[in-house]
Amino acid sequence: MIEVPLPHTPACLQAKEDKYYNKYSFTQNNKVMEIHQSAVILLLVLAASFNAHGQPDNIKPRYQKFLNQHLGPHVSQSDCDKEIRKRDITASGTEHGCKEVNTFIQANKNNIKVVCGKGGTPQGRNLFKSNQPFPVVICKLQSGERHPNCKYRAVGKKPQTRYIVLGCDGEWPVHYEEDKINV
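What counts as what
Residues numbered from 1 in each chain as written. Predicted model: local features only at pLDDT ≥ 70, side-chain atom pairs only at ≥ 80, totals over all residues. Heavy atoms only, no water. Phe/Tyr/Trp six-rings, centres within 6.5 Å; stacked < 30°, edge-to-face > 60°. Helix = DSSP H or I, 4+ residues; strand = E, 2+ residues; numbered from the N terminus. Buried < 20%, exposed > 50% of the residue type's maximum accessible area, 1.4 Å probe, protein only. Lys NZ or Arg CZ within 6 Å of the ring centre and 35° of its normal. Salt bridge = Lys/Arg side-chain N within 4 Å of Asp/Glu carboxyl O.

A few words on the packing of aromatic side chains. Taken as a whole and assessed by the stated rule, the structure comprises 1 aromatic pair. When the centroid spacing of 5.0 Å and the interplanar angle of 70° are considered together, the rings of Tyr63 and Trp172 count as edge-to-face. With Tyr63 in helix H2 (residues 60-70) and Trp172 in strand S11 (residues 172-180), this pair connects stretches of sequence that are 109 residues apart. Take Trp172: its relative accessible area is 11%, and that puts it in the buried class. Here the guanidinium or amino end of Lys113 rests over the ring plane of Trp172, the centre of that ring lying 4.3 Å away. For the cation-ring pair, Lys129 lies above Tyr163, with the distance from its terminal atom to the ring centre recorded as 5.6 Å.

Within this structure, the stated rule accounts for 6 salt bridges. For Lys82, the salt bridge goes to Asp79, with nearest N and O atoms at 3.6 Å. Given a relative accessible area of 12%, Asp79 falls into the buried group. The closest approach of N and O atoms between Lys86 and Glu83, which form a salt bridge, is 3.3 Å. Residue Lys86 and its partner Glu83 are both found in helix H3 (residues 80-86); the two are separated by 3 residues, about one turn of the helix. According to the relative accessible area criterion, Glu83 is buried, its value standing at 7%. What emerges from the salt-bridge pattern is a single network uniting Glu83, Lys86 and Arg87.

Next comes the structure, spelled out in structure tokens:
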């Protein structure tokens, strides 16, 4: 066997490769653990599949667009212009037209995603209303017709707290329908 020291590994942990069996032996505290190459490949495949969380390919671009337009855990009232311009948010169905209103949800994507499952109540037509209110920054168009000349200002001086209604494909948010003040 060939001894192969692993970088940034304690001296007590060494890897040895057996070129005849395609396996690796690790010794620690005089105990030997062998890992076959096929097991390593299987673990890598499983890790990649868990990373995607089973999201179908046809949903991914719509989900990414939703996140780009509405995920804003750190967006403040004064950030409307900057964020909408930076994210290249425009009105749907237009070529660079200014969007009248855009809402940023001040939450992480996992907290938003649960609205499409147990954290939301079905409203029909694949719409789900959040069971809990979210802080949101609502940006309204003040002037301009075409991106990047759109000027936005936030509604109010601080984030609003609203129940959100999302369009979902499976358990993935793909559309921000509206927000509601009350239940």
